[in-house]
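# Breakdown of the fold
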Amino acid sequence: MTVPKEMPEKWARARPPPSWSRKKPSWGTEEERRARANDREYNEKFQYASNCIKTSKYNILTFLPVNLFEQFQEVANTYFLFLLILQLIPQISSLSWFTTIVPLVLVLTITAVKDATDDYFRHKSDNQVNNRQSQVLINGILQQEQWMNVCVGDIIKLENNQFVAADLLLLSSSEPHGLCYIETAELDGETNMKVRQAIPVTSELGDISKLAKFDGEVICEPPNNKLDKFSGTLYWKENKFPLSNQNMLLRGCVLRNTEWCFGLVIFAGEPPSIQRKKGLLSSQCLYSTLLSRILKGPHVAQRLRAGQAGTRASGQFLKMSELLRAQGMNASQMYLVLRASYMSPSPVLLIPPQIFGFLVCMGVILAIGNAIWEHEVGTRFQVYLPWDEAVDSAFFSGFLSFWSYIIILNTVVPISLYVSVEVIRLGHSYFINWDKKMFCMKKRTPAEARTTTLNEELGQVEYIFSDKTGTLTQNIMVFNKCSIYGRSYGDVFDVLGHKAELGEKPEPVDFSFNPLADKKFLFWDPSLLEAVKIGDPHTHEFFRLLSLCHTVMSEEKNEGELYYKAQSPDEGALVTAARNFGFVFRSRTPKTITVHEMGTAITYQLLAILDFNNIRKRMSVIVRNPEGKIRLYCKGADTILLDRLHHSTQELLSTTVDHLNEYAGEGLRTLVLAYRDLDEEYYEEWAERRLQASLAQDSREDRLASIYEEVENNMMLLGATAIEDKLQQGVPETIALLTLANIKIWVLTGDKQETAVNIGYSCKMLTDDMTEVFIVTGHTVLEVREELRKAREKMMDSSRSVGNGFTYQEKLSSSKLTSVLEAVAGEYALVINGHSLAHALEADMELEFLETACACKAVICCRVTPLQKAQVVELVKKYKKAVTLAIGDGANDVSMIKTAHIGVGISGQEGIQAVLASDYSFSQFKFLQRLLLVHGRWSYLRMCKFLCYFFYKNFAFTMVHFWFGFFCGFSAQTVYDQYFITLYNIVYTSLPVLAMGVFDQDVPEQRSMEYPKLYEPGQLNLLFNKREFFICIAQGIYTSVLMFFIPYGVFAEATRDDGTQLADYQSFAVTVATSLVIVVSVQIGLDTGYWTAINHFFIWGSLAVYFAILFAMHSNGLFDMFPNQFRFVGNAQNTLAQPTVWLTIVLTTVVCIMPVVAFRFLRLNLKPDLSDTVRYTQLVRKKQKAQHRCMRRAGRTGSRRSGYAFSHQEGFGELIMSGKNMRLSSLALSSFTTRSSSSWIESLRRKKSDSASSPSGGADKPLKG
């Protein structure tokens, strides 16, 4: 800025820059925020929003028009509204308006009720929040004000356990040094308390009188969506003071363990922190209701970034099922195309080009037929069949007929499909939530489906991207080993000097000398305690560093009972270790840290904290000891710290690196410790530059990072720590099972290479049977490219020498993957470091990396940042037509979880940020196998069967009108009566297909887990693709042909019992409609693989309802009440009383169903798929068990003794050596997908017959089914 000449220089430095604009700021356009304390008149010039929150969308007057306008933004509703308008034109429609308006109004009403319910809760929540009371300092007096009346620049008082009313700058508190404690669960889901601190210059403003005179002005960044960052400056008393996130209390936080505090309002109104960062809707109005899930599930498949369950995130984006993703001829185009826009998702429902084109073609054909018929034939009957007044030519008659048939034939994709899909998805989600086998008893945590739109996609996953710490491991850190000045501690040796093996450990170290020791802490090497007791200076300095270099908060409820609250389990484990070895971190203030060193209380002056982040990968503290000596203590990743050591530590460095490699080889997490002495003059000069960097308005973080980088150099190596993080229970078994399901697992971790590789072997991702494990560690682009090239060459050479029973052509023909590398023989793994990955992800090399990685069975990426995790996932999504799943437990996994098609959160030790960002959540990694192999596979199977049957039944229903058009002069006359058309998809056929879509299963859950190869059809999308879609359409058309022409041919010559002609329009309509309902009911019976009482009730109940409604509509009672609507009294009774009609119905049903039965029988015998094989083995096994039980009951009850030690029969040695009697494994069954299984089924049948003739057959030849 330009300084006026008359302004003194000191005032130019201290005075806030002038605000040149007084325009009303708006979120996203505001360049800076200016707030002056206790000066409402000044702050009102900026026209900041008030603190009143309004998340509701409607009121009584605007609800109906606004809600209808919103609903008709959806193309589905607009499409059906267009059809309704056409039906209101007499010259076009041959159907009554209610055939379309009934389902449309039903959907609109349900949606409106859901929206009204949600908005009611929004209003209720808004009123509750806005009317909360807060103490505001006005004219030097604390006054009670409603939250809605709080303004920017006000000073408010908070008391313990109160919610923060707006985003505040903490001024002072009841705690020493301006400290206060907050809980941020409403913002980031973390329940552990965090500490905030007022800047020293305001921390003394505890009196009302002093606060009333406070006139400081804050200039800071505008509102944004960053929870963990804040940059601003306080101008007061001709000085500038830097402000950071540590000085801020965000709206939604709760004040804890602090009697009171005062804060200056910086941000208020919309969007305050909880609205702009957590979402746009208040928490209480965001719990999705049942109706919301049914109708709006696809529209809100967005991620929950922060806040309570159900809160919609800002910056949201939508996820769509891969099965229903736009694929030319996929179901998503048939009813659902989702588009996401920032803050405003716009769901769009479209008919696909193919279906719409088919519909238009049928309409054009029938319209041309109408024009020709009217021109050639219709003109002869003008006397008694005159055209309508508006029709003046055959061409115009054909044009009107086109629209008439569009109305009649639109049921190929009815609106009920949209609702049915969401009901099925909702059912699948509840099955996941209710699964007791995915319930963690220890944590009392159930599995949770946080979205309903991705259930079927769980059955199509090909790539899993997993974090390590807390996901594969327990994230319960235990101090296991350490290296101090070249000596390793932690190993236990026996009397002969050999390392003790697992289970041979002696008694743990006795810490009874230390009254403040944590009794839960265990350590096995007594030599480390001896080194502490004898006063070894390096050992003391080691534990002194651990007790000082951290951000842990200490709480002492009772004398000697310390409770540590750490932001990470690693930090807590290290501080606890120092505590037990005599260096007890006791308390801290903003400027001091008190440590009890071997029983003596020592207070260190805390000069600076150089905090940890994912880029620095280290943290440091600068302290002054009681002797006045200034020292920097640092701990961090070895890849970062080893490059910053003084050259004089080379010999010690070599020994420590050996220890680090040894620890990493055992799967331990390592950190390096170092220190540096600073002289007073250098520190003062460095502290001044740090202060200037912290006051910078732009690039503050970069400047601070540069200052930190300077002081964290030339450090002296002290040692290293090794922390154990054990694998979760069931991880190796889960990974092995998922690998057998042809799912590739990539581990993306921040740990060092040796640790990650060791964990890879522990969890069976890496095995000794692998052909080779490639390790990429290049530091330059050329080195990384060369290492990737060599890996590909080795895989190709191995494939040329080992065919593995397949040729290249055979492998490529059986896979949808395009790279020849993905058909290589052998099993490979790839391990790549973070610095190498940075080069591999560059645009000119990413395809090489992807091709190499995808050819490997397992991939481990080490030392990766959260951004790199997301980039790896995005790379696979970009180039592979495969469904990806990301699973993690911490905030550093959120970007990866959001990037993948499916995100899974583990509710572990690092808060619930990953859970809040996920689509599915549970507490243990082992539950992933059940989520995918059972729930995912079943959801995919059910949705595919539902879609195939749904389109089949609707084409069978609709195409009858097409054939009838050739026999009614193309007049758009319908075959069925209008009530049947209305009720067909809503009543007669809706519930059976829903029951199948919700409950069906091909094999039991045990077999789904036992034979993971059953998962592969979903990965290859075999159950619903273009081919399957055309097959179900062709079956529907075939059924419609028979449904029309068989009754038509019979009625042409048939007579009633009294000799009169049977053929009349209404009798024909009843016959065709009855045949249709019976045929589709039998068909769904054939399609149902798992029968429940609900299936029986819905299928046979729907038939009963059909006949009940049919007879009711042709009864005298309805005719008496509505004579103009129900004219054909007794028609149904008279028609169905004729044997000829029932014979026609039976003939039609048999002819329609028999080809399906014959085809399925032949396929089952000649080319069964894997699920057929598994079902057959299960059936054989059950019968063998039953026969064996019968044989045992029928056997004689004599002496069991025998004269021989062996069986009288020939032994099974040859059979055992051949392996034929072994249980059928998943790998064995996988071969059935690549070759005919008829011979195997024949062998099963022979075994079955043998077991029937031999009592021992069933017992001696077990089959795993």
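Position numbers for residues start from 1 in each chain and track the written sequence from start to end. Where totals are concerned, whole chains, interfaces and linings use all residues; where local detail is concerned, this predicted model gives features only for residues with pLDDT of at least 70, and gives and counts side-chain atom pairs only at 80 or more. Side-chain metrics in this entry use all non-hydrogen atoms of the structure; hydrogen atoms and water are not considered.

### Examining unusual backbone geometry
- Phi angles above zero are rare outside glycine, and Q47 is one such case at about 55 degrees.
- Numbering goes from the N terminus for both helices and strands, where a helix is a DSSP run of H or I of at least four residues and a strand is a run of E of at least two. Assignment of secondary structure puts Q47 in the loop between α2 (40–44) and α3 (63–71).
- Among the residues examined, Q47 registers a relative accessible area of 43% and is labelled partly exposed.
- Phi at N257 takes a positive value of approximately 50 degrees, unusual for a residue other than glycine.
- Tracing the backbone shows N257 in the loop between β12 (254–256) and β13 (260–267). Per-residue accessibility, obtained with a 1.4 Å probe over protein chains only, is compared with the maximum for each type, and a residue is labelled buried under 20%, exposed over 50%, and partly exposed between these values.

### Remarks on the sheet that holds strand β32 (residues 858–861)
- In spatial order, the strands read β16-β35-β34-β33-β17-β29-β32-β31-β30; together these 9 strands make up an open sheet with mixed pairing. Pairing within the sheet leaves two strands with one partner each, and these edge strands are β16 (448–449) and β30 (772–776).
- We call two residues contacting when some pair of their heavy atoms lies within 4.5 Å. Each axis is a line fitted through C-alpha atoms, taken for helices only over the stretch in contact, and angles between the N-to-C directions span 0 to 180 degrees. Strands in contact with helix α27 (residues 846–854) are β17 (461–466), β29 (744–748), β31 (828–832) and β32; relative to β29, the strand with the most contacts, it is inclined by about 125 degrees. Paired strands, in this sense, are two strands between which DSSP finds at least two bridges.

### Digging into the pairing of strand β2 (residues 133–138)
- With 5 of 6 residues buried, β2 is to be regarded as a mostly interior element.
- Sheet topology note: the β2/strand β3 (residues 141–146) ladder contains 6 bridges and is antiparallel. Counted as the bridge partner of S134 is E145 from β3.
- With 3 bridges connecting them, β2 and strand β4 (residues 155–159) associate as antiparallel partners.

### Description of the packing of helix α37 (residues 1065–1087) against helix α41 (residues 1139–1166)
- For the pair α37 and α41, interaxial distance at closest approach is 9 Å and the crossing angle is 30 degrees. In terms of orientation, α37 lies roughly parallel with respect to α41. Once α37 is placed against α41, the crossing between them reads as right-handed. The segment α37 lies against α41, with T1071, T1074, S1075, I1078, V1079, V1082, Q1083, L1086 and D1087 engaging V1141, W1142, T1144, I1145, T1148, T1149, C1152, I1153, V1156, V1157 and R1160.
- Residues were grouped as follows: Ala, Val, Leu, Ile, Met, Phe, Trp, Tyr, Cys and Pro as nonpolar; Asp, Glu, Lys and Arg as charged; and all remaining residues, including Gly, as polar. Of the residues contributing to the contact of α37 with α41, the split by class is 11 nonpolar, 7 polar and 2 charged. Any angle from 65 to 115 degrees is called roughly perpendicular, while one under 35 is roughly parallel, one over 145 is roughly antiparallel, and all others are oblique. Helix crossings get a hand from a simple test, with the near helix turned counterclockwise from the far one by less than a right angle marking a left-handed crossing and a clockwise turn marking a right-handed one.

### Section: the nonpolar core
- Residues belong to a common nonpolar core when they are buried Ala, Val, Leu, Ile, Met, Phe, Trp, Tyr or Cys residues joined through side-chain atoms within 4.5 Å. In this structure, Y405, L417, F946, F951, Y976, F980 and L1076 are the most contacted members of the largest nonpolar core, which totals 90 residues.
- Considering each element in turn, this core owes the most residues, 18 residues, to helix α31 (residues 927–965).
- Grouped together as the second largest cluster of nonpolar side chains are 49 residues, F214, W236, M248 and V265 included.

### Quick word on the UniProt feature "binding site: Mg(2+)" (unreviewed entry) in the protein
- UniProt positions are given in the numbering used here, feature names are shortened, and annotations may be inferred rather than shown by experiment. Here the UniProt-annotated "binding site: Mg(2+)" (unreviewed entry) positions come out as D467, T469, D889 and D893. Taking the farthest pair of C-alpha atoms as the criterion, the annotated set spanning 427 residues converges on one region, since that pair is 10.6 Å apart.
- By secondary structure assignment, the location of D889 is in the loop between β33 (883–888) and α29 (894–899).
- Judged by relative accessible area, which is 0%, D889 ranks as buried.
- Turning to its location among the elements, D893 is positioned in the loop between β33 and α29.
- Filtering out sequence-adjacent residues up to four positions away, D893 remains in contact with D467, K869 and G888.
- Side-chain atoms alone can form a polar contact between residues adjacent in sequence; in general such a contact is a pair of N or O atoms within 3.5 Å, and within protein one must be able to donate a hydrogen while the other accepts it. Within the structure, the side chain of D893 is placed 2.7 Å from the side chain of K869, a separation counted as a polar contact.

### Describing the confidence of the model for the protein
- pLDDT: the predictor's confidence for each residue, scored from 0 to 100. Predicted confidence across the protein gives a mean pLDDT of 79, with 80% of residues reaching 70 or more.
- Scored below 50 in pLDDT, residues 802–818 makes 21 contacts in the model with residues more than four places away or belonging to other chains.
- For residues 1196–1265, every residue scores under 50 in pLDDT, and the model assigns this stretch 76 contacts once sequence neighbours within four places are set aside.

### A short note on helix α36 (residues 1026–1053)
- With 28 residues, α36 should reach 40 Å at 1.5 Å per residue; the first-to-last C-alpha distance of 41 Å fits that figure.
- Sitting at the amino-terminal end of α36 is N1025, which places a side-chain oxygen 3.2 Å from the backbone nitrogen of R1027. Expected helix span is computed as 1.5 Å times (number of residues minus one).

### Digging into the sheet that holds strand β6 (residues 179–183)
- What the 3 strands build is an open sheet, ordered β7-β6-β12; its pairing is antiparallel. Where the open sheet ends on each side, the last strands, each with one partner, are β7 (193–197) and β12. Adjacent strand axes in the sheet meet at a mean angle of 45 degrees when their direction is disregarded.
- Pairing of β6 with β12 involves 3 bridges; the strand directions are antiparallel. Note that in β12 the partner of Y181 across the bridge is R256.

### What to know about the pattern of salt bridges
- Any carboxyl oxygen of Asp or Glu within 4 Å of a side-chain nitrogen of Lys or Arg constitutes a salt bridge here. Taken as a whole and judged by the stated rule, the model has 53 salt bridges.
- Salt-bridge contacts for R544 lead to E597; the nearest nitrogen and oxygen are separated by 3.0 Å. One end of the pair, R544, is in helix α16 (residues 537–548); the other, E597, is in strand β23 (residues 592–597), and 53 residues separate them in sequence. Note on accessibility: R544 and E597 belong to one class, buried.
- Residues E685 and R689 are paired through a salt bridge, measuring 2.5 Å at the closest nitrogen-oxygen approach. Of the two residues, E685 and R689 are both situated in helix α20 (residues 680–695); the distance of 4 residues between them amounts to about one turn of the helix.
- Judged by its relative accessible area of 27%, R689 falls in the partly exposed class.
- Within this structure, E541, R544, E597, K629, R631 and D677 form a network of salt bridges that share partners.

### Brief notes about the state of the cysteines
- Whenever a pair of cysteine sulfur atoms sits within 2.5 Å, that pair is classed as a disulfide. Summed over the entire model, instances satisfying the criterion amount to 0 disulfides.
- Of all cysteine sulfurs in the structure, the one in C854 sits closest to C856, which takes part in no disulfide; the separation is 8.8 Å.

### Things to note about a nonpolar patch on the surface
- Two distance rules govern patches: like charges are joined within 9 Å, and nonpolar side chains (Val, Leu, Ile, Met, Phe, Trp, Tyr) within 5 Å, applied only to residues with over 30% relative accessible area and no salt bridge. Under the convention used here, a 1.4 Å probe and the Shrake-Rupley method define accessible areas, while residue burial counts only the protein chains that appear. Among the surface-exposed residues, V1082, L1086, V1146, V1150, M1154 and V1157 lie close enough to one another that they form a single nonpolar patch of about 440 Å² accessible area.
- Ranked by residue count, the leading element in the nonpolar patch is α41, at 4 residues.
- Along the chain, V1082 turns up in helix α37.

### Observations concerning the environment of R700
- Along the chain, the position of R700 falls in helix α21 (residues 700–711).
- Judged by relative accessible area, R700 falls into the buried class, the value being 10%.
- Put simply, R700 and G232 are 468 residues apart on the chain and 9.9 Å apart in space, counted from C-alpha to C-alpha.

### With respect to the packing of aromatic side chains
- Centre distance within 6.5 Å is the pairing criterion for rings of Phe, Tyr and Trp, where only the six-membered ring of Trp is used; planes under 30 degrees apart are then read as stacked, over 60 as edge-to-face, and the remainder as tilted. By the definition in use, this model includes 60 aromatic pairs.
- Judged by centre distance (5.4 Å) and plane angle (40 degrees), the ring pair of F967 and F1044 falls under tilted. Of this pair, F967 sits in the loop between α31 and α32 (978–988) while F1044 sits in helix α36, placing them 77 residues apart in sequence.
- Owing to a relative accessible area of 38%, F967 belongs among the partly exposed residues under this scheme.

### Observations regarding α32
- Of all 11 residues that make up α32, 8 are buried, and the element is covered over most of its length.
- Every buried residue belonging to α32 is among Q978, Y979, F980, I981, T982, Y984, N985 and Y988, and all of these are buried.

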